[in-house]
Structures are given as structure tokens and as C-alpha cells.
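Structural features, examined
Residue-level listing of the chains:
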Amino acid sequence: MQFEIIKILSGEFTNFYTIRFDGEDHNLFEKFIIENKSKFPNELSDINNRIQVMAKTTGAREQYFKLNEGKPGDGVCALYDQPDKHLRLYCVRYGSVAVILGNGGEKPPGMIKLQESPKLTKENELLRKISKAIDKAQKDGLVEWSKDGMEISVDGTFIDL
Amino acid sequence: MRTKTKNMKPVKTHSSKTLNDFFAVTDKHEFEKTEKNMLLAMRIEKAMKAKGFNKTEFATAMKVQPSVITKWLSGTHNFTTETLYDIEEKLSMCIINVKEPDRFEIISRSHITVAVTSKGELAPYCYGFVPHDLLKINQKTTKAVLQN
């Protein structure tokens, strides 16, 4: 299975990317939007506002994310929403200047462990695999970051998962 | 082993109706509120670091759990004014300014005239005081012209 990294939002302080799998029409973040827009429009609006603020004003500061949602050091984290924190969006954060937005889903009320939600578990595990694949591709010289860390370059188009 | 190739290129930028609709900021008021909340959280975090506090130490100083500090710094928290006053005190920062703006006392007045010569050049003392009897108003252009 292969995927490509695509940029979806450029900002002075942070660039936002997402992932599209070969053969699929929608990327991961589009799927997140489509799956949640009718039930959680306010939460999605809040997530948009937070992403825009990070891109244009503050950068993707660590404090804005729920960290350690993956394995130690893989950068997998989650972005909260307001007002009632119904959604969880999984991301891979590369410092404060680049974020890969994945998918996520509804956070059931009272959920304490990730494993309580099959959907969130699936999306979280997928992003962990993606993060690991990008790290490997970087070590193999197939993915490069610009000096300021904001831009990603890839050898070819697709990366092996 | 890392090998350099000639196919390295920046990832492409993608847009779609789904993404464009999502990123369109429809409620300016809500966006500005979010921006202020996140900027406030950023200021508090920077002030904590300047004071040498980590989260646990600041939680102890504020007599709350570290998870409360995490929430404060997330940019999603609605603070009470009492909490903000406590934070101001502990971090020696000003978040809320409730004083009336200072009234300015006028201590001197100056009249500055900018003058041009009849040739349209700046008079050599155009930034200083020019006695009014040296000026003749050009009735057509209403511009003040220095009399030679």
C-alpha cells in the first residue's frame, strides 16, 4: 500500500499537510471533514479556526495538542475541539512548523482509553504507521525537509506504508 | 544508506471543494475569539518559562493539578478573571489592564509652518517657525509662498 503527502494549507508559521492513499479519491483529512460535518459542524468550525490561527499567528505550539497519542517520539498527537470536545483529530506534528493532519472521529463521552473506540483506535494506528513510514523514507533519502522544517520534498510521488 | 536522487521535489498542494468550504472562515467573531484564546495561552506559557516554572511547579504554585495547567495552556480554556489575576501575580505579567487610560497634560503648543519659495522649492527653514508676515497666500492655489 502506498500513500502521498499533500499540502493543504500554507501559513507564515505552519504548513499543514495530509495523506492520500494511492487509488483513493479522498485524503485522510477530507474523510474526517466528510464523516463529521453533519453531526459536528460547530466542532469542525472550531478546528478550522485553531488550524488557521496556528498557520497565521502562533505556529503549531506543543501546548495546543494532546501529546503522546502514539509511540514515544513518533509525533502522533491529537487536536482538541471546542466547545464540548466531541471530536478527536489525529495529527503528526513536526515541531511547530509542519503538521500532517490525519483522520479521527467522535470521542465517546466518558471515554478514558483509546481502545474504547474502534474507530479512533483504527485512525490512531493508521497514523502511527504513516509516521513510521515517513521516518523510514527520510532515513532512506526519499523524503527531505527544508532547512526551516516547513516544506517537504519527496523522491517520486508515493511512499510505501 | 542515504542516496541523493534527481527526482526530489516539493509535495504538491491540493485543494478541493471539501477543503475550500472547510477553510473558509465564516464567523469572524468566533475566529477572533479563538485567536485571542490561543494567544493568551501562548503568553502564559512563555511567562511560565521565563519564570523557570515547568507545569508541575506552576501547578503547585497555583494550588491546582498539573492537568489543569495543561487545560489552561491548550488555548481552549475560558478563564475566570480571578484565575487570570492569580496568574498575573504568580508570573509577574499583565493580562488584564483595568486602569483608565492616562490623561495627557498639554504642556506646550507649537505652530509649525511648511513653506515653499516662489520657485516651488522648500524654504530652507521650512521645518521651523516662519513669521506670518513673510508669507503671502497664493489666492489661486491657496498655498503659502515665502516672499523673497
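In the block above lies the structure referred to throughout.
Figured I'd write up the structure that's included with this text. (Residues numbered from 1 in each chain as written. Chains lettered and ligands numbered in written order. Predicted model: local features only at pLDDT ≥ 70, side-chain atom pairs only at ≥ 80, totals over all residues. Heavy atoms only, no water.)

**Focus on the packing of helix α3 (residues 55–62) of chain B against helix α5 (residues 81–91) of chain B**
Residues and elements named next belong to chain B. Here α3 crosses α5 at 115 degrees, and the two axes come no closer than 11 Å. In this structure, α3 meets α5 at a crossing whose hand is right-handed. Residues F58, A61 and M62 of α3 form the contact with α5, whose participating residues are T83, D86, I87, K90 and L91. A class-by-class count of the residues in the contact of α3 with α5 yields five nonpolar, one polar and two charged. (Axes fitted to C-alpha atoms, helices over the stretch in contact; angles between N-to-C directions. Helix = DSSP H or I, 4+ residues; strand = E, 2+ residues; numbered from the N terminus. Left-handed = near helix turned anticlockwise from the far one by under 90°. Contact = heavy atoms within 4.5 Å. Nonpolar A, V, L, I, M, F, W, Y, C, P; charged D, E, K, R; others polar.)

**Comments concerning the interface of chain A and chain B**
Counting from both sides, the interface comprises 41 residues of chain A and, opposite them, 35 residues of chain B. In total, chain A and chain B occlude about 3500 Å² of area from one another, counting both sides; carbon and sulfur atoms represent 58% of this. The tally of links between chain A and chain B comes to two salt bridges. For the pair chain A and chain B, the number of links is 14 residue pairs in polar contact (both at pLDDT 80 or more). Broken down by secondary-structure element, the contributors of at least two residues to the side of chain A that touches chain B are β1 (2–9), α1 (28–36), α2 (41–58), β7 (143–145) and β8 (152–155) of chain A. Considering every element that reaches the side of chain A that touches chain B, the biggest residue donor is α2 of chain A, with twelve residues. Relative to strand β1 (residues 8–10) of chain B, β8 of chain A runs antiparallel, the two sharing three bridges. Bridge pairing in β1 of chain B places S153 of chain A opposite P10 of chain B. (Buried area = accessible area lost by both parts, 1.4 Å probe. Salt bridge = Lys/Arg side-chain N within 4 Å of Asp/Glu carboxyl O. Polar contact = N/O pair within 3.5 Å; in protein donor to acceptor, adjacent residues only side chain to side chain. Pairing = 2+ DSSP bridges.)

**Observations regarding the nonpolar core**
Core analysis: the largest hydrophobic core is formed by 30 residues, its most contacted members being F16, F29, I51, F65 and L101 of chain A. Of all elements in the fold, only β1, α1, α2, β4 (76–79), β5 (87–94) and β6 (98–106) of chain A together with α1 (17–23) and α2 (28–50) of chain B reach the threshold of two or more residues within this core. Look past the residues within four positions of F65 of chain A in its chain and what remains in contact with it is M54, A60, C77, A78, L79, C91, R93 and V99 of chain A. Listed in part, the 26 residues of the second largest apolar core include Y94, V143, I152 and V154 of chain A. (Core = buried A, V, L, I, M, F, W, Y, C linked by side-chain atoms within 4.5 Å. Buried < 20%, exposed > 50% of the residue type's maximum accessible area, 1.4 Å probe, protein only.)

These results come straight from atomic positions and should not be treated as a statement about function.
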